[in-house]
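Coordinate inspection notes
Read off the chains here:
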Amino acid sequence: MRKWMALLLALALGGLAAHAEADPTLYLSDFSTGTDGWYARSMGQAVVSVEDGALRIEGWTNDWNSPGRDFDLIPGGRYDFSVQVRQNQADAASFMVSVAHTVDGAESYENLAFAEAKRGEWTELSGTYVAGDFSRFVLYVETTGAPALDFDIRDFRLAAPDGLPDPASWPEPMAIEAVEDLPSLKALYADAFDIGTCAGGFMAMQDEPMAFVESQFNILTPENELKPDAVLDVGMSLVAAMEDETAVAVRFNAAEPILNYARDHGLKVHGHVLVWHNQTPDVFFREGYRSGAPLVSREVMLARLENYIRQIMEYMEEHYPGLIVSWDVVNEAIDDSTGELRDSMWLKVVGEDYLARAFEFARKYAPEGTLLYYNDYNTAYLNKQNGIVKLLEALIAEGNIDGYGFQMHHAVAQPSLAQITASVERIARLGLRLRVSELDITVDDNSEDSFTRQAQLYGDIMRLLLAHADQFEAVQFWGLTDNMSWRASQYPLLFDAHRNPKPAFWAVADAAAER
Ligand code: 9MR
């Protein structure tokens, strides 16, 4: 955002900011007389109305036809929010609060808070959002993965407990120039390893960003579309379980646009992810796939796991033979602080060998040559690293794992290059294939100084990985442009919102070119 715009915004919100010192509440919804500025986003057939102090949405057909409201947020401001939701049409439904933000006409999204709402119960979702460098913010409440159901919201509260930043003190944003005939990272790294990004299904339906992706990268990871909450068809599984508790129904409609694009344009795909504690419907672990039902036995769960993995592999073999070169078989199983196995439904229902069994099933059904990975974050920190190494050694002894994926969601401030180097060298000594599955590096602002330090670290990391190129299969960034990142407010990627190359891009390109 340009400084003069920021100043205007600051003047407009000046009263609000001063007020924040006394009472941090900036906004509390009032549905006693009307919709209070809330509307159905891209509304389709959706209708909003108010009754008894709550806002109701009915008749929507897409998750995003959800109640939203524009808020004048100050980039860099830290906002706490909370809202209550209620639905009466399903035993339970998943809700989230998201933000749609816009810069120069380009809208992008972040999911900020999640909760399951049981039938008839007011359920609170709350979280914190640090506003990124955007000119428009819409906060909205949507369901996720649920059939269209009517729902109510009330008491939407927005607060700034720390006060709001003074835009006049912001560092000058760095001007990023558009460049024609950009060097191609995939060409520069062709002799070392595959180079890629993640991509969402929505992006894969648009030719323009995808043509740019293809010019730079040769491998894609679907960002959310092959996760269990996208693949497990809960409704059909519920029906199938009436006959056989071990039955599992799967669907691939979310992933198809990306898979089709990759197949038609000769890109490779890395599959993410078969087993995870997150983004996995709770009913996967319950009798009859019914919410609130008792947990299934270990035997039933192992049979469901095998059926799930088998059907994914069969579907891919039938529709996209050879496309998926590798899979994250299990993601993030180690607890950050203890280094032990994370407390999860998989651990609870199956027990400690759920990872070994997942790798066994993946090996049994994946086409020959598919590389099977364990994937995790914070590898550079010692407690976590010790746990990861212990786990990898056990999986290596079982004989079904091929590789380790370093996520590398880093910040410029930490971990240090020395910590990153030590972790790569230690894991490399285990002799596995390696990949960087989800690289991004956040900074505090978009000043020249921050972008220079970010570029330095990107360059250093790429030089480290190039030194181990014989073991690294791929390096993938977790997103294309800053505004599309899951950490959009912290400018973590190689390209700005207009797909112009940041200093980080040149550092990554130079690391390969200067060899
Ligand atoms: O980038 C993904 C974001 O769109 C999702 O909202 C989020 C939900 O869990 O998952 C993000 O991707 C995660 C990845 O699957 C696993 N490692 C951490 C990534 C960032 O949270």
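Refer to the structure printed above.
Note that the coordinates shown come from a computational prediction; the quantities given were computed from them, not determined experimentally. Counting restarts for each chain: residues are numbered from 1 in the order of the written sequence. Local features in this predicted model are restricted to residues of pLDDT 70 or higher, and side-chain atom pairs are both shown and tallied only at a pLDDT of 80 or more, whereas totals for entire chains, interfaces and linings draw on every residue. Hydrogens and waters are ignored; side-chain quantities use all the structure's heavy atoms.

**Points about the site of the ligand**
We call a residue near a given molecule or strand whenever any one of its heavy atoms falls within 4 Å of it. Near the ligand lie 15 residues; those nearest to it are Glu-223, Lys-227, His-272, Gln-279 and Glu-438. Under this definition, polar contacts are N or O atom pairs within 3.5 Å; protein pairs additionally need one hydrogen-donor-capable and one acceptor-capable atom, and for neighbouring residues in sequence, both atoms have to be side-chain atoms. Between the ligand and Lys-227 there is a distance of 2.7 Å, counted from an oxygen atom to a side-chain nitrogen or oxygen. Here a nitrogen atom of the ligand and a side-chain polar atom of Glu-332 are 2.9 Å apart. In isolation the ligand has 450 Å² of accessible area, and contact with the protein removes 85% of it. Accessibility throughout is a Shrake-Rupley quantity obtained with a 1.4 Å probe, and a residue counts as covered only by protein chains that appear here.

**As for the environment of Lys-227**
Within the secondary structure, Lys-227 sits in the loop between β13 (219–222) and α5 (228–231). Considered as a pair, Lys-227 and Gln-279 are 52 residues apart in the sequence and their alpha carbons are 6.7 Å apart. For Lys-227, the contacting residues outside a window of four places in its chain are His-272, Val-273, Trp-276, Gln-279 and Tyr-308. Polar contacts involving the side chain of Lys-227 include one to the side chain of Asn-224, which spans 2.7 Å. Runs of E in the DSSP output that reach at least two residues are strands. Runs of H or I that reach at least four are helices, and both are numbered from the N terminus. Contacts were defined at the residue level, with two residues in contact if any of their heavy atoms lie within 4.5 Å.

**So, the packing of aromatic side chains**
Classification of ring pairs rests on two measures: the distance between centres of Phe, Tyr or Trp rings, Trp counted by its six-membered ring, which must be within 6.5 Å, and the angle between planes, read as stacked under 30 degrees, edge-to-face over 60 and tilted in between. Tallied over the full model, the rule gives 26 aromatic pairs. Between the aromatic rings of Phe-212 and Phe-495, the centroid separation amounts to 5.0 Å while the plane-to-plane angle is 80°, which identifies the pairing as edge-to-face. In this pair, Phe-212 is assigned in helix α4 (residues 207–216) and Phe-495 in the loop between β20 (472–477) and α14 (503–513), connecting sequence segments 283 residues apart. Accessibility assignment for this pair places Phe-212 and Phe-495 in one class, buried. Through a chain of ring-to-ring contacts, three or more aromatic side chains come together here, namely Phe-284, Phe-285, Tyr-289, Tyr-308, Trp-346 and Tyr-354. Just above the ring of Tyr-289 sits the side chain of Arg-304; from NZ or CZ to the centre is 3.9 Å. The positively charged end of Lys-502 is found above the aromatic ring belonging to Phe-451, 4.4 Å away from the centroid. Using a 1.4 Å probe on the protein chains alone, a residue whose accessible area is under 20% of its type maximum counts as buried, one over 50% counts as exposed, and one in between counts as partly exposed. Lysine and arginine charges are scored as sitting over a ring when NZ or CZ, respectively, is within 6 Å of the ring centre and within 35 degrees of the ring normal.

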